[in-house]
Amino acid sequence: MDIYKVNISSIGDGWSDYKSVQGEIYEEGGVITVKYSLDGDECVLTVKDGKAVQERNGGQCVKISFQEGKRTKCEIGSGSFYGSYEILTKRLKFICGKGGYKLLLEYENGSDGELIELTLTAVKILK
């Protein structure tokens, strides 16, 4: 298991956010899994065959599926506090390079169609 520096940049309509954390990456059977902790929540990003699924569990429970050109769901909460809405993935690009990975997403969020650009990079930390 290798440790990676995971940088997440999000830009929406009038807002932006940037986080930098440490994480782990696993590759098995064509599936790439990035695991990291964000604000005390456990996060898992899984990428395979042009699809990406982002899950966050803890204080916030969210699951978002992305597939370029497709309408998919963002699921929020759990139990009686569960809800979901559609997103449209306009762009999904995943790049594997020597010592790192990069995910580029552009998607329309919810009924108002807010365009969100998300970039996640993971760079191996040398020991």
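Residue numbering note: each chain is counted from 1, following its sequence as written. Since the coordinates come from a predicted model, pLDDT governs what is reported: local features require at least 70, and pairs of side-chain atoms require 80 or more to be given and counted, while whole-chain, interface and lining totals use all residues. Excluded from the side-chain calculations are hydrogens and water; all other atoms, namely the structure's heavy atoms, are used.

(A) Representation of the nonpolar core. Nonpolar cores are built from buried Ala, Val, Leu, Ile, Met, Phe, Trp, Tyr and Cys residues. Side-chain atoms within 4.5 Å join them into one set. The classification of residues rests on relative accessible area computed with a 1.4 Å probe and restricted to protein chains. Under 20% of the type maximum is buried, over 50% is exposed, and intermediate values are partly exposed. Counting 27 residues, the largest nonpolar core has V6, I25, Y36, L45, F66, L105 and L120 as the members making the most contacts within it. Secondary structure elements are taken from DSSP: a helix is a run of H or I of four residues or more, a strand is a run of E of two residues or more, and numbering for both begins at the N terminus. Contributing elements (two or more residues each) for this core: strand 1 (2-12), strand 2 (15-28), strand 3 (31-38), strand 4 (41-48), strand 6 (62-67), strand 8 (83-97), strand 9 (100-109) and strand 10 (114-124). It only takes one pair of heavy atoms within 4.5 Å for two residues to be counted as in contact. If we skip the residues at most four places from it in the chain, L120 touches V6, N7, I8, Y36, L45, Y101, K102 and L103.

(B) Geometry of the side chain of T89. Checked against the element boundaries, T89 lands in strand 8. Its relative accessible area of 0% is what places T89 among the buried residues. Not counting the four nearest positions on each side in its chain, T89 is found in contact with F66, Q67, E68, G69, K70, T72, L105, E106 and Y107.

(C) Molecular detail of unusual backbone geometry. If you check the backbone angles, D39 has positive phi at about 55° while not being a glycine. Here D39 is to be found in the loop between strand 3 and strand 4. A residue is classified by how much of its surface remains accessible, and D39, at 58% relative accessible area, is exposed.

(D) Structural detail: the sheet that holds strand 1. At least two DSSP bridges between two strands are required for those strands to pair. Strands sit in the order 1-2-3-4-5-6-7-8-9-10 around a closed barrel of 10 strands; the barrel is antiparallel. Each strand of the sheet is rotated relative to its neighbour by a mean of 25°, with strand direction disregarded. As judged from the seven bridges shared by strand 3 and strand 4, these two strands associate in the antiparallel manner. By the bridge assignment for strand 4, V34 is matched with L45. Geometry is summarised by axes, namely lines fitted to C-alpha atoms with helices restricted to the contacting stretch, and by angles between N-to-C directions that run from 0 to 180 degrees.

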